[in-house]
Structure formats: C-alpha cells, structure tokens
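Overview (structure and organization)
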Amino acid sequence: MPSVAAVNVRQRHPIVQVLAVLVLVSVSATVAEAVPAFARKYQTSCQTCHIVFPKLNAFGEAFRLRGYRMPRETEEMVKEKPVSLGAPAYKRLWPKAVWPGEVPSSVPLAVNIKFADVNTSALNPDGTVTSVKNDLQFPQEANIFGAGTLGDHLSYLTEVTFGENPDGSVSVELEHARFDFDSPFGPEDLLHIRIGKFAPNIVDGFQEMWISTDAAIDTTFAYNPVGLAGGTGLAGDLSPAPIAFPDRVRGIEGYGIIKHRALWVAGLVNGISPGANGSFDGNSAKDYYARFDYKIGGMGLDGDTGGKPVPDENWRDDSLRLGAFIYRGDGSNIDFPLAAADGSTVNVRDQHFLRTGFYGSVFVGNLNVFTALVHGSDTLQQFDPLSSVLLGQVAPTYYSWFAQADYLIYPWLQGSARYETVAPGDKSVSSLRTGTFDVSALIRANVKAMFEYQRDLRQGENHSANVLVRFAF
Amino acid sequence: MKRRDAAATVLVVLAGLFLLALGGAPAASIVGTVTASGLSSNADAVVYVAGVSGTPPAAPALMDQVKMQFVPHVLPVVVGTTVNFRNSDPTPHNVFSPDYEKYNLGTWPTGQSKSYTFAKCAKFPCAYTQLCRVHPEMEGFVVVLQNAMFGVSDRQGRYEIAGVPPGKYSLGVWHPKLKAQPKPVTVEAGKPATVDFTLGK
C-alpha cells in the first residue's frame, strides 16, 4: 500500500520559497562541527584540526576519515588515558571471552552554542515586504556531542541538537548517531564500515562549504525535486523533505583510503523518510550512493606526508582534490499530495531519481576555492488519490552548482564569498541565484564571531544579514 | 704508613688473592637505556643475557595483586622458578594464563596465595600473560628466561644487569608491546658495559 508523506507538499510561489529559506537561518542545522572532546583527549588546541572551526585543515580531515585517530597515532599522543575493558590478551581467547575494548576515562561530551542576531527581508507575492530586524536569537541553537574511539577499531559520533522556538517550545533532533568499524581487517584505512544515522561521506567531505554554517541555503542539498512539472525551488522547511541530495541518512556506509590519495565511498540507506505505520523508511526499496575522490599534492587523505616537510602554517595545504559522486534513489509507493491548478489534489511519486555530480577543491597558500555541481533527474508519476489511476508522468532534470572562495587573512580571520544557483526541473521557473559573503573571526580558538550577508540575486528585496557568535567547549 | 693502614692493605691483597684462587674474575654489570617508541613509558622491557644456562633460585618469586593490578607488571624468572601469586586486595582475584601449557589457578580471597612453577620453556624467552577472570582489565607477564642475568627497565628506560662474568654475550630484549633485535655485548672485568635499545613495532 502506498505511503503518504506526513506533510503535504504544496506548490509554492518561488518568492515564498526564498522567504522560507531565509527564515531557515534561524532553524537550520549544520553538518560540520567542532568537537572539543578531542581537544581534551589529546590536550591540544582546536587549531590542530580546524582552520576557522568547523572547517577542517588537512590534518583534521585525516583525523576525521581515520575514525577520530591522528595520523600515525601512538599511545603517548593520547593524554587522557582510556579505561581498559579487557586486557589485549583476551583477543586470543575469543570466542570464550569478550573481545577487549576501551572507554574514555571521562565522558567525552562537548557542547556547541550559537547566538544569532537575525535580520531578514523578503518580498511577498502581493508585493509587500516582510522584514525582521535584530531578532536576538539568544541562544539560537545548542548541540551536545559525544564522540571518540572505543579501542583499536571502533569509533562513534552522536549529536543532539536543541533549538528554542519562538513560541517557547523546544525542538530536539538526534542529528548523528553512528558507529564505525575502522580498519577491521586489511591494510589500515582501506575499509571503514559505518552504521547509524549520519551525514553520508558524499556530503561530509564538503563540510567546508558551509560558509555560514547556520544558513542552510545550499543548492546541492536543499532543492525540492517534486512538482507537477518538476521541482520549482528549494525544499525550505518541508518535512519530510523529498530527496535532492541527502544531508542525513540512516543506513550503512563503507569508505576507505587507497594509497593515501584516493577516497572511495559506497552506501546503502533508507531513502525518503518517514514511511507509513511509523517506519523510518518510506518504502522497502533502498537508496544507494558512491563517491570517488583523488587528491594531488599536499597531505595525504590519511595524513601521510611521504616524508616531505609540511608548511609551518597548518592551514596551508597546496593541493587539488577532485571527485565524482552518484546517488540513486527509489521513491516508489511514496505519495506527495500536490494541489493542481484546478484545486484538485494529485499524488506525485518520484519513482526513481538519480543525482550525479563533481567536486573540486584547490588550496593555494591562504586561499581555498571549492565547487560542486549536481545534476538531478527524476521520474515523477501523477496518480489520482482516490482511484490510484496513473494520470501522467514527467521526467524533469535539474542542476545546481556552487563555488566558494575562503581566504585566511590572519590565522584568526577568514573572509568568504559564495555563489550558488539552481536551475529547477520545472522550466517555467527561473533559476535561483544566491550570493553570500561572510567574515569569520576567532575571538579565541573555540569562540567564533561571524558576520554574514546573503542576497537573492534575482530579487534584491530578498536578503539577510546576520551576526552570529558561536562557542564550543 | 701507620699500622692500621698497613693491615687494611694486607686484607685487600689477601682478598684479591682469594678471588684469583677461586678462578673467577670480578663480575661486571650491563647497563643501558631502553626507548619504547610511541609509548608514554619506557618501563617493562626485560633485557636479558641469552644462550647461557642458569639455575632457579630456591626461594619462590612473588607476583602480587594490589589495587586491581599485577605487581610487578612484568616479572622475569629463571626457568624452574616457582611464583607465588598473592591476593592483597579486599576483593577475590583469579589468575590464569592462555599461553603455552595454559593454566588456571582458580579464584581466592584476600591474603591468600597460590603457586605455579614455570618449568617449561621450549624457546626462550617464554612470556606468560597473567589474567584475572574476575577483572578482565588486569594483565601481567611472567617472562621465563634461561638464567638470572636480566634487568627490567624503569619509566625512564634505565636497566641494569648485575653480576655478569666477563665474556661475550648476546643481549635480548622482551617487551609486552614492542620488539627489538638482540645485540652483542662484551663484558670486561670490573667495567660496566653499556647497551641501549630502541623498541619499535
């Protein structure tokens, strides 16, 4: 029996969608985070792994990909000694004994808190402008992290986000809850197996793109592909969101590093969620994805330097990284009720969809320029909601891309500019084009202030200017 | 020269003549430093003289269980030595080893001991891991060697093997986690020999 999405996806006026996206500034979550639990474990500064947090430097990226282990990590590097859950000799006794493991000596919790002063302006369909001035969202969001390793081959990440809504209610989301088997066999880092709810590695490695890490207008992820003639714009705050390019998945992923330079990723996940009858999966079919990256120059993806000296400035990593990715989804039997032009309701199903794309990142001195292009194709079938008779089918395509430049002016000060665009599947709707400018300053290694300006490049009345303060401990 | 000084000189000369009469030159020591690469401590490396037979001591050795730990963490013994495993904790402890002939001495309460004689070792050194079923995190090692010429490194990596007769030897090293190749050493009478090791994976 077809499942019906819990919230109707109505056709929206593009301007309304832009408004929705601007409002997202106050409610959106982030992909990349800073986890001070690691600073405590290794007794090291945030800047060992981060440039301007949460953006990772090459060492931090290696630390992330290696399952929260430093490149060539030795026992003496770990200052907060773990508690043994069994002597190593018990490995030889298995299966007659429990395989030995470790837990951190203190609960590895970390907290991120954000304050925001939000200013938005949006043009309404009737020509009026809705504006918000100096909405002091103190706090805007709080995240609690638990992350670390559990012995030689296990690691984990959990993240719970608390948001306070204007009506006084509180929203809570379990953003990450994942468990990794790191190099369970074979050469080190060739295979990592991840299960749980997580940001798939087709997205996770792009984390540095989250310039204004609290503004989730991101063309590659937030596009809504469902519409009578194809998608018309961004998904905004729809829940559940039809998949454009998922920022969170529930499933299994394998990834690994080949010869220090190549990254492979393959995943099998639920896909559109939730489904009927309280299930997380919208249907029984699974989505799958893959990615392949190669890095030329700089530090290896696993932190290998090939014996060559690295720059004194640990944010520098003169290199070029190129990648390609693919996501194949199945939305069969999942109905998205839409309002047709005559006022009637039509159920639309995205029978199957394909996302392919390319990613590139270049570091030169203090400059990092990165870009991603996503092409999407959907098979949208329209059904009569009462008789389930197939009324028609369209196969729209869309593409989106962005380019961003980050320049580190001082080790504590970064300026960024970003351009992004979406050409929707519904060709009657013009492309969305957005520009964002950001200045981020580290007041301390774990305290950051940001000023950010975002503008709809088609309609100047739609813009947003925000000041954010974020700290982690 | 006073009469008392003259008497002392005579005694020293007589003692030297006595040693020569016994046919043995004065023994020396081997000292050095062990560096355990990547570890936070350089302790627990057993440096031993290989290829020389010895006899076990008449008295048993002791490995205690104190504050939920095997003490000492590493105990080198001569093959044939009996080791008393004592429980000095208020909680019951067990001792067993999964290595070689494997044994389980059972579980016993505070203040009591059980013994085991390490009489077998086909290829030296034989490292017996000591585990406690009651507390899986506890771990110790009894390292069975051919002779009593051995030393255990401290946290700084320093070790000393005393009472080594002059001669040429091969010096081996055993560590719970790391390894190193044996090194040759020549011991001269009354003169300490220095041999350093760097252990790696």
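Residues numbered from 1 in each chain as written. Chains lettered and ligands numbered in written order. Predicted model: local features only at pLDDT ≥ 70, side-chain atom pairs only at ≥ 80, totals over all residues. Heavy atoms only, no water.

1. Thoughts on the overall build of chain A
Scanning chain A for helices and strands turns up five helices and 23 strands. For chain A, with 473 residues in total, the buried portion stands at 54%. The long-range share in chain A, meaning contacts at least 24 apart out of those at least 6 apart in sequence, stands at 60%. Summed over all atoms, the accessible surface of chain A reaches about 19800 Å², with 62% contributed by carbon and sulfur. (Helix = DSSP H or I, 4+ residues; strand = E, 2+ residues; numbered from the N terminus. Buried < 20%, exposed > 50% of the residue type's maximum accessible area, 1.4 Å probe, protein only. Contact = heavy atoms within 4.5 Å. Areas by Shrake-Rupley, 256 points an atom, 1.4 Å probe, with all protein chains shown as cover.)

2. Description of the interface of chain A and chain B
Facing 15 residues of chain A, the contacting portion of chain B comprises 15 residues. Overall, the association of chain A and chain B removes approximately 1100 Å² of surface from exposure, summing both partners, and the carbon and sulfur fraction of that is 51%. Summed over the shared surface of chain A and chain B, the result is two salt bridges. The shortest N-O distance in the salt bridge between D99 of chain B and R92 of chain A comes to 2.1 Å. At the junction of chain A and chain B, the tally comes to nine residue pairs in polar contact (both at pLDDT 80 or more). (Buried area = accessible area lost by both parts, 1.4 Å probe. Salt bridge = Lys/Arg side-chain N within 4 Å of Asp/Glu carboxyl O. Polar contact = N/O pair within 3.5 Å; in protein donor to acceptor, adjacent residues only side chain to side chain.)

3. Re the side chain of R66 of chain A
Residue and element names in this part refer to chain A. With respect to the helices and strands, R66 occurs in the loop between α3 (58–65) and β2 (83–84). Since its relative accessible area comes to 6%, R66 is described here as buried. Within the structure, R66 has its side chain in polar contact with the side chain of E188 (distance 2.4 Å). Once residues within four sequence positions are removed from consideration, R66 is found in contact with P71, R72, D182, E188, D189, H192 and D302.

4. Observations regarding α3 of chain A
Residues and elements named next belong to chain A. Summarising burial for α3: seven of the eight residues are buried, a large majority. For α3, every residue scored as buried is listed here: A58, G60, E61, A62, F63, R64 and L65. Two to three positions downstream of the cap, the backbone nitrogen of F59 sits 3.1 Å from a side-chain oxygen, assigning the N-cap of α3 to N57. Residue G67 follows α3 closely and has a positive phi angle near 80 degrees.

5. Let's talk about the state of the cysteines
Tallied over the full model, the rule gives one disulfide over all chains. Sulfur-sulfur distance for the disulfide between C121 of chain B and C126 of chain B comes to 1.9 Å. Sign of the S-S torsion, about 90 degrees for the bond between C121 of chain B and C126 of chain B, identifies this disulfide as right-handed. Using a relative accessible area of 2% as the deciding quantity, one classes C126 of chain B as buried. C46 of chain A takes part in no disulfide bond, and the closest cysteine sulfur, belonging to C49 of chain A, lies 9.3 Å away. (Disulfide = S-S within 2.5 Å.)

6. Concerning the sheet that holds strand β4 (residues 69–71) of chain B
Residues and elements named next belong to chain B. Read across the sheet, four strands follow the order β4-β3-β6-β9 without closing on themselves; strand pairing throughout is mixed. Two strands lie at the open edges of the sheet, namely β4 and β9 (113–118), each paired on one side alone. Taking each pair of neighbouring strands and ignoring which way they run, the sheet shows an average axis angle of 25 degrees. (Pairing = 2+ DSSP bridges. Axes fitted to C-alpha atoms, helices over the stretch in contact; angles between N-to-C directions.)

7. Description of the confidence of the model for chain B
Any segment with low pLDDT has predicted coordinates that should not be analysed in fine detail. Residues and elements named next belong to chain B. Here chain B shows a mean pLDDT of 91. Residues at 70 or above account for 88%. Note on residues 12–23: pLDDT is under 50 here. Beyond four places in sequence and across chains, it has one contact. Overall fold confidence for the complex sits at a pTM of 0.86, while the interface term, ipTM, reaches 0.79. (pLDDT = per-residue confidence, 0-100.)

8. Concerning the pattern of salt bridges
Residue and element names in this part refer to chain A. A full pass over the atoms with the stated rule returns 26 salt bridges over all chains. For K295, the salt bridge identified is with D317, shortest N-O distance 2.7 Å. Taken together, the positions of K295 in strand β13 (residues 287–296) and D317 in the loop between β13 and β14 (319–330) put the pair 22 residues apart, joining distant regions of the chain. On the basis of relative accessibility, which here comes to 7%, the residue D317 falls in the buried class. The shortest N-O distance in the salt bridge between D456 and R458 comes to 3.5 Å. Several salt bridges share partner residues, and in doing so they unite E61, R64, R291, D293 and R321 into one network.

9. Concerning the pairing of strand β11 (residues 249–258) of chain A
Looking along a regular strand, one sees the side chains alternate between the two faces of the sheet. All names here are of chain A. Of all ten residues making up β11, seven are buried, and the element is well covered by its neighbours. When strand β8 (residues 192–198) meets β11, the two strands line up antiparallel, connected through seven bridges. Each residue of the ladder has a partner; that of H192, found in β11, is Y255. For β11 and strand β12 (residues 262–269), the ladder comprises eight bridges, and the chain directions are antiparallel. Opposite G251, over in β12, you have V269 as the bridge partner. Two successive antiparallel strands, β11 and β12, enclose a turn made up of three residues, where K259 displays a positive phi of approximately 50 degrees.

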